Amino acid sequence: MTSPLLPTFARAELSFEKGEGPWLYGRDGERYLDFGAGIAVNALGHAHPHLVQALTEQASKIWHSSNLFQIPEGERLAQRLVDNTFADFVFFTNSGAEANEAAIKMARRYHHVNGNPERFHIVTFEGAFHGRTLGTIAAGGQAKYLEGFGPKVQGFDQVPPEDMEALKAVIGPQTAALMIEPIQGEGGVRSVSPAFLRELRALCDQNGLLLIFDEIQTGVGRTGKLFAYEWSGVTPDIMTVAKGIGGGFPLGACLATAEAGKGLTLGTHGTTFGGNPLAMAVGNAVLDVILEPAFLEGVERKGLLLKQRLAELKDRHPSVIAEVRGQGLMMGLRTVVPNTDFVNAARAQKLIVIGAGDNVVRLLPPLIITEADLGEAIDRLDAACAAIEAEQKNTAQPGAVQ
Ligand SMILES: *Cc1c(COP(=O)(O)O)cnc(C)c1O
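Residues numbered from 1 in each chain as written. Predicted model: local features only at pLDDT ≥ 70, side-chain atom pairs only at ≥ 80, totals over all residues. Heavy atoms only, no water.

### Digging into the UniProt feature "binding site: pyridoxal 5'-phosphate" (unreviewed entry) in the chain
Here is the rule: UniProt positions are given in the numbering used here, feature names are shortened, and annotations may be inferred rather than shown by experiment. Comment: elements are numbered from the N terminus, with helices defined as DSSP H or I runs of at least four residues and strands as E runs of at least two. Exposure classes here rest on a 1.4 Å probe applied to the protein chains alone. A residue is buried below 20% of its type maximum, exposed above 50%, and partly exposed in between. Contact definition: two residues touch when any of their heavy atoms are within 4.5 Å.
Under the feature "binding site: pyridoxal 5'-phosphate" (unreviewed entry), the UniProt entry names G96, A97, F129, D214, E215, I216, Q217 and T272. Their sequence span is 177 residues, while the largest C-alpha to C-alpha distance among them is 25.1 Å; these annotated residues do not converge on one region. Along the polypeptide, F129 turns up in the loop between β5 (121-125) and α5 (134-140). A relative accessible area of 18% places F129 in the buried class. Dropping the residues within four chain positions of it, F129 is found in contact with Y145, E181, E186 and D214. By secondary structure assignment, the location of I216 is in the loop between β10 (210-214) and β11 (238-241). For I216, a relative accessible area of 8% gives the class buried.

### Regarding the site of the ligand
Filter applied, for reference: Residue proximity to a molecule or strand is established when one non-hydrogen atom of the residue lies within 4 Å of it. Pairing of N or O atoms within 3.5 Å defines a polar contact, subject to two protein rules: one partner must be a possible hydrogen donor and the other a possible acceptor, and residues neighboring in sequence count only if both atoms are side-chain atoms. The protein chains shown are the only cover counted for residues, whose accessible areas, like all others here, come from Shrake-Rupley with a 1.4 Å probe. Think of it as three bins: nonpolar holds Ala, Val, Leu, Ile, Met, Phe, Trp, Tyr, Cys and Pro, charged holds Asp, Glu, Lys and Arg, and polar takes everything else, Gly as well.
Lining the immediate surroundings of the ligand are S95, G96, A97, N100, F129, H130, G131, E181, D214, I216, Q217 and K243. Contact distances for the ligand include 2.8 Å between an oxygen atom and a backbone N or O atom of G96. Between the ligand and F129 there is a distance of 3.2 Å, counted from a nitrogen atom to a backbone nitrogen or oxygen. Here the ligand has 380 Å² of accessible area as a free molecule, and 82% of this is covered by the chains. Ranked by residue count, the leading element in the shell around the ligand is helix α4 (residues 96-113), at 3 residues. Its residues placed into classes, the shell around the ligand shows 3 nonpolar, 6 polar and 3 charged.

### Examining the sheet that holds strand β14 (residues 330-335)
Defined as follows: Here, a strand pair is defined by DSSP locating no fewer than two bridges between the strands. Comment: axis = line fitted to C-alpha atoms, over the contacting stretch for helices; angle = value between 0 and 180 degrees taken between N-to-C directions.
Spatial ordering of the open sheet is given by β13-β14-β17-β16, a layout of 4 strands whose pairing is antiparallel. Two strands bound the open sheet, and with one partner strand each, they are β13 (321-327) and β16 (354-356). Recorded for the sheet is a direction-independent mean angle of 30° between the axes of neighbouring strands. Where β16 lies against strand β17 (residues 360-363), 3 bridges are found, and the strand directions are antiparallel. If you follow A356 over to β17, its bridge partner there is V360. Across the sheet, helix α10 (residues 295-316) lies against β13, β14 and β17, angled at about 175° from β13, the strand it touches most.

### Points about the packing of aromatic side chains
For clarity, the cut-off: Paired rings are identified among Phe, Tyr and Trp, the last through its six-membered ring, by centres lying within 6.5 Å, and are further divided according to the angle between planes into stacked (under 30 degrees), edge-to-face (over 60) and tilted (the rest). Two conditions define a charge located above a ring, namely a distance within 6 Å from the ring centre to NZ of Lys or CZ of Arg, and an angle within 35 degrees of the ring normal.
Across all of its chains, the model carries 5 aromatic pairs by this definition. Judged by centre distance (5.8 Å) and plane angle (80°), the rings of F16 and Y32 are edge-to-face. Of this pair, F16 sits in strand β1 (residues 16-20) while Y32 sits in strand β3 (residues 31-34), and the two are 16 residues apart along the sequence. Its relative accessible area of 4% is what places Y32 among the buried residues. On the basis of an interplanar angle of 75° and a centroid distance of 5.9 Å, the ring pair of F129 and Y145 is categorised as edge-to-face. Of the two residues, F129 is situated in the loop between β5 and α5 and Y145 in helix α6 (residues 143-146); the sequence distance between them amounts to 16 residues. Through a chain of ring-to-ring contacts, the aromatic side chains of F86, F227 and Y229 assemble into a single cluster. Above the plane of the ring of Y25 lies K18, whose end atom (NZ or CZ) is 4.9 Å from the centre. The ring of W23 has R31 sitting right over it, with the charged end atom 3.5 Å from the ring centre.

This is the structure we're talking about:
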């Protein structure tokens, strides 16, 4: 099928006409269980009544007024983020990459206003994903995303995760900050140990560096805490948020302590759309639900259940699944077969899952998923594994011993 869209995505031959909770209704007439949630975006599933109400009520009042005026809904959302995190200030954006751009600019300006403009390097970690702008592809450091786009934006140094020696070797008088995902998402649901995060904090404190956590995928309840950093007991100086915070409406945020944010003074940064009243109404509605007492405990409990059921699945299908990873409702299966084969086999069972690096398949159900629907997903994954095993038998050499 030819399409006027630039062919930058390998799109499945499938589109959806509506969604309800964790269910998607395809234009093929089928109903799919959504364990992708639009890549960890639809935190409250599809067509959540509270979000629909917030969006439509705001839509009939005012959509956009620009940041030249006060936006009370934004003041409120920022205050709630501040009250529930380490942060003192929030800058709203429309996407994750823009939130990271704000974080990078903030870290550089911090040292600039401290009289150290030579400190503009940010250390990032192999396997990272921070977005697709020129700055964030340099931060992510992945050759496949950098190739052909001209000189890489200067000032990003990369080391392997958990490698303290390499990290210490790369830190110098030019270093401004360290930037890390507490669990790498696109990189393959690769967790960083709480001990390593604590070491990063200590290293930053010793060297006057800022610690930036990219919680664009791990944040807003995904791991069973409002933000994944809470598991480590370590707080960053700057944190970026997007995906789940808008529940499907484009919204991102860069959060910071007053100290870390002190360089972004009047006129130094901006956005036309960021923090507009529509986005702010939806963001507040997402928080209304996620901050309800016991909501996050429920995510944690369901995450543990899912992890246990996935471990059983792996034991039943060792020729398909090599490893179970992740935390809360951010789980990964490293597969023996190509992960794309697994994604397709799951889709044949009407279950949507998402590929990631390191041959991993991500399971990112909406946080409102019920235990019954988790069980339904396990049944479908079981069937997908069985189909792959049947295929493996068929393609085995004739006469080969199974
Ligand atoms: C998705 C993602 C981004 C980029 O967000 P966009 O909204 O696509 O720009 C950055 N960092 C992480 C960890 C992500 O998962």
